[in-house]
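Each chain, written out:
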Amino acid sequence: MTCNRRTFLGAMGGAMIGSVLAPTGALAFQQESKPFSWTPHTLDPKACAPVAYDGYWYNGYGCCYGVFYGIVGMLGEKYGAPYSQFPFTMMEMGKSGISDWGTICGALLGAASAYALFWGRKERDPMVTELYRWYETTAFPLFDPGGAAQGVKGAVPPHAGGSVLCHVSVSSWAHATGNDANSKMRQERCSRITADVCVKAVEIMNAKIGGTFAPVLAATKATEYCGSCHDKGKESPIVKGRMDCTPCHGGSVHVQDKSKNHP
Ligand code: HEC
Ligand code: HEC
């Protein structure tokens, strides 16, 4: 019998199943701590806001790091381990919608990541949805660092981008307010939004811990209407995701609106 790659791998596989890789039904790697098992503590959102803001500017680590540090870093400062042992710089990747791709706003990624230390999907999803819907509709920024501003002092023009995506959030703000998306003003905007998201995220977390969390922002007009046909189990179940549909299928000259030709 000739030994080609396939028969060789087959023989190897057989040998391995008999020894090292016997299928036991268990994962080879088991997490040391129980899943989602860190203990959450309430925090003072007012105290977290400037920490998140400074975290944005610290070594240029950005929004995702800022929000995450504003929550988990604060827990580390107050309670020590295990919070203080988290490799916080890992969260730097969320900056600019993950490696400058402009996908999810890193501030929101930071908050959802912090939640996931404490709560599994079933409990976490409504918290994330509450935060993300609030983000879609809020005219940012709200936080004003005053004299402690690190980019631009004074007012930053607010705008509601309608989307959790960094790309839509930043670009629509830049267009609406006449700013350059690469300017110091844009950085100042995002650093203040980092504080805003941290405050809201902590409020939601505090309510969750206190047993008073009651989500109110589950759907939008568009997700409700469009979802009546495009959601799971409906007549055209071809749509994935909970984002508001309007910024992308809203029918302006710049965004596609195939839905005009609806059946
Ligand atoms: C009354 C039911 C219904 C509602 C409400 C509805 N859709 Fe649709 N939509 C359909 C059906 C059926 C198709 C065809 C799907 C296919 O071809 O598989 C479709 C197709 C589409 C398409 C691609 C085809 C095209 O060119 O039209 C887009 C984009 C779309 N819908 C977006 C939306 C958005 C956005 C909304 C909310 C503003 C929405 N739909 C609301 C039933 C609906
Ligand atoms: C961030 C922008 C964005 C958001 C938000 C968004 N879509 Fe889309 N959607 C797109 C793009 C881009 C495509 C791909 C279009 C294509 O291939 O022509 C698409 C495809 C679709 C399609 C398949 C039709 C096709 O022609 O490929 C449907 C149906 C659809 N979207 C409905 C929705 C609904 C309903 C919502 C809200 C629940 C929504 N979309 C939210 C950007 C978006």
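Refer to the structure printed above.
Counting restarts for each chain, with residues numbered from 1 along the sequence as it is written. Chain letters start at A and ligand numbers start at 1, both assigned in the order the entries are written. Only residues with pLDDT of 70 or above have their local features reported here, since the model is predicted, and side-chain atom pairs are shown and tallied only from 80 upward, although totals for entire chains, interfaces and linings are computed over all residues. Hydrogens and water are ignored here; the side-chain numbers use all heavy atoms of the structure.

Asks: What am I meant to see in the packing of aromatic side chains here?
Replies: Here is the rule: rings of Phe, Tyr and Trp (six-membered ring for Trp) pair when centre to centre is within 6.5 Å. Planes less than 30 degrees apart are stacked, more than 60 are edge-to-face, and the remainder are tilted. Tallied over the entire structure, the rule returns 15 aromatic pairs. Between Trp38 and Tyr83, the aromatic rings sit 5.7 Å apart at their centres with planes inclined by 85 degrees, giving edge-to-face as the arrangement. Linking Trp38 in the loop between helix H1 (5-18) and helix H2 (45-57) with Tyr83 in the loop between helix H3 (62-79) and helix H4 (106-118), this pair joins segments that are 45 residues apart in sequence. Accessibility expressed as a relative area gives 4% for Tyr83, which makes it buried. Aromatic side chains Trp134 and Phe140 sit 5.3 Å apart centroid to centroid with 75 degrees between the ring planes, which places their arrangement in the edge-to-face category. Grouped by ring-pair contacts, the aromatic residues Tyr58, Tyr61, Tyr65, Phe68, Tyr69, Phe86 and Phe88 constitute a single cluster. Helical segments are the DSSP runs of H or I of at least four residues, strand segments are the runs of E of at least two, and each set is numbered from the N terminus. Each residue is assigned to one of three classes by its accessible area relative to the maximum for its type, calculated with a 1.4 Å probe on protein chains only: buried under 20%, partly exposed between the two thresholds, exposed over 50%.

Asks: Is there a simple way to explain the pattern of salt bridges in this structure?
Replies: Charged atoms that come close allow side chains of opposite charge to pair. Here, a salt bridge means any side-chain nitrogen of Lys or Arg that lies within 4 Å of a carboxyl oxygen of Asp or Glu. Applying the stated criterion to the full structure yields four salt bridges. In this structure, the salt-bridge partner of Glu123 is Lys208, at a minimum N-O distance of 3.0 Å. Of this pair, Glu123 sits in helix H5 (residues 121-137) while Lys208 is found in helix H7 (residues 184-210), placing the two residues 85 residues apart along the sequence. Glu136 serves as the salt-bridge partner of Arg133, at 3.0 Å between the closest nitrogen and oxygen. Here the residue Arg133 and the residue Glu136 both occupy positions in helix H5, the gap between them amounting to three residues, near one helical turn. The buried category is assigned to Arg133, whose relative accessible area is 8%. Beyond isolated ion pairs, a larger network of salt bridges with shared partners links Asp144, Glu188 and Arg192.

Asks: Got a minute to help me understand the packing of H3 against H4 in this structure?
Replies: Each pair of packed helices gets described by two things: the angle between the helix axes and the distance between those axes. The interhelical angle for the contact between H3 and H4, taken along N-to-C directions, is 30 degrees, at an axis separation of 6 Å. Relative to H4, H3 is oriented roughly parallel. Considering the relative orientation of H3 and H4, their crossing is right-handed. Each of Cys63, Cys64, Val67, Phe68, Ile71, Val72 and Leu75 in H3 lies in contact with H4, whose residues at this interface are Gly106, Ala107, Leu109, Gly110, Ala111, Ser113, Ala114, Leu117 and Phe118. Lines are fitted to the C-alpha atoms to define the axes, a helix being fitted only along its stretch in contact, and any angle between axes, read from their N-to-C directions, falls within 0 to 180 degrees. When an angle is under 35 degrees it counts as roughly parallel; over 145 it counts as roughly antiparallel; between 65 and 115 it counts as roughly perpendicular; any other value is oblique. Crossings are sorted by hand: turned counterclockwise from the far helix by less than a right angle, the near helix makes the crossing left-handed, and turned clockwise it makes it right-handed. Residue contacts are defined here by distance: any two heavy atoms, one from each residue, within 4.5 Å place the two residues in contact.

Asks: So what exactly am I meant to see when it comes to the layout of surface pockets here?
Replies: In this approach a probe as big as a water molecule rolls over the atoms, and the regions it shows empty are the leftover space. Each pocket or cavity is described by its volume, and for the second largest pocket that value is around 420 Å³. Looking at the second largest pocket, it is lined by 29 residues, and the ones nearest its centre are Ser96, Cys166, Val170, Arg186 and Cys190. Those elements that place two or more of their residues in the lining of the second largest pocket are H2, H3, H4, helix H6 (166-177) and H7. With six residues, H7 is the largest single contributor of residues to the lining of the second largest pocket. Using only the protein atoms, space was sampled on a 1 Å grid; points where a 1.4 Å probe fits but cannot get out form cavities, open sets with protein on both sides within 12 Å along at least five of seven lines form pockets, and lining residues are those with an atom within 4 Å of a point. Grid points are joined across faces, edges and corners, and a volume is the space filled by probe spheres set on the points.

Asks: I tried to follow the side chain of Ser191 on my own but got confused; where do I start?
Replies: Among the secondary structure elements, Ser191 is positioned in helix H7. With residues near it in sequence (within four places) discarded, Ser191 still touches Tyr53, Tyr56 and Trp57.

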